[in-house]
Amino acid sequence: MSRIIKLNEANKPKTKIHKSKLFKGQKTAEEVHREYGMRGRCTLCGGAPVIMVRMLALIEDIKKESMPYWVAICQSAISNGHVDDRGNVNVPYINTTYGKMVRISQALACGPHRKDLEVTAARAPSWVLVEIDRGPGASAPIVQVKA
Ligand SMILES: [Zn+2]
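The text that follows walks through the structure, step by step, so that each part is easy to find.

Let us look at the overall build of the chain. What the chain contains, in helices and strands, is 5 helices and 4 strands. Reading the chain from its N end, one meets helices and strands in the order α-α-β-α-α-β-β-α-β. The burial tally for the chain puts 10% of its 147 residues in the buried class. Counting only contacts in the chain whose residues sit at least 6 apart along the sequence, the fraction spanning at least 24 positions is 67%.

This part takes up the pairing of strand β1 (residues 51-58). By the bridge criterion, 8 bridges tie β1 to strand β3 (residues 100-109) in an arrangement that is antiparallel. Its bridge partner lying in β3, I51 is registered against A109.

Turning to the sheet that holds strand β2 (residues 94-95), a few remarks are in order. Ordered in space as β2-β3-β1-β4, the 4 strands form an open sheet in which the pairing is antiparallel. For this open sheet the edge positions go to β2 and β4 (128-133), each flanked by a neighbour on one side alone. Here β2 runs beside β3; their pairing, made up of 2 bridges, is antiparallel. Across the sheet, the residue bridging to N95 is K100, located in β3.

Let's shift gears to the environment of A121. Relative to the helices and strands, A121 resides in helix α5 (residues 114-122). The contacts of A121, once residues within four sequence positions are left out, are V53, V130 and I132.

Quick look at the nonpolar core now. C42, V50, I51, M52, V53, L108, A109 and L117 together form the largest nonpolar core, which totals 8 residues. At the level of secondary structure, the elements contributing two or more residues to this core comprise β1 and β3. Residues contacting I51, with those up to four places away along its chain left out, are A109, R114, L117, I132, D133 and R134.

This part covers unusual backbone geometry. Backbone geometry at R39 places phi at a positive 50°, although glycine is not the residue there. In this fold, R39 is placed in the loop between α2 (29-38) and β1. Given 10 C-beta atoms within 10 Å, R39 falls into the exposed group.

Topologically, V128 is positioned in strand β4. Take V128: there are 18 C-beta atoms within 10 Å of it, and that puts it in the partly exposed class. Those residues in contact with V128, other than ones at most four positions away along the chain, are M55 and A57.

On the secondary structure map, T120 appears in helix α5. Spatially, the C-alpha atoms of T120 and V53 are 9.7 Å apart, while their sequence positions differ by 67 residues.

Basis of the calculations
- Residues numbered from 1 in each chain as written.
- Predicted model: local features only at pLDDT ≥ 70, side-chain atom pairs only at ≥ 80, totals over all residues.
- Helix = DSSP H or I, 4+ residues; strand = E, 2+ residues; numbered from the N terminus.
- Buried ≥ 20, exposed ≤ 12 C-beta atoms within 10 Å, placed from the backbone.
- Contact = placed C-beta atoms within 7 Å.
- Pairing = 2+ DSSP bridges.
- Core = buried A, V, L, I, M, F, W, Y, C linked by C-beta atoms within 7 Å.

Here it is in structure tokens:
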């Protein structure tokens, strides 16, 4: 079995959600995801979001690639009160399989602004992990296959 086929099977939804289970059919899966998964409005115009982009980076990569940026993250953590009794700065991080990562950016976009956000996300530096959430309607994976 090729790697691409394995990826396709891994990305298939495990269970189908029947519409009647989503607030007795009052809301679609997309509306529920928008309300509870994305929780926000379009960053540019305040419209209903259809895509969410998160940018994460390994702490060691941020220190290696841009020390002034790491200092700015630490200053932001201090201003948000992430300092313990001894005066140590505790930058909030996420444990991932790659290591400790810091969320450096999060943005939402509505339908008309979707492309602007995707273009911006594609321009991120190579050491930044870009996580794109297009919601339940677009869960079909796009995999490039050799011709
Ligand atoms: Zn918008």
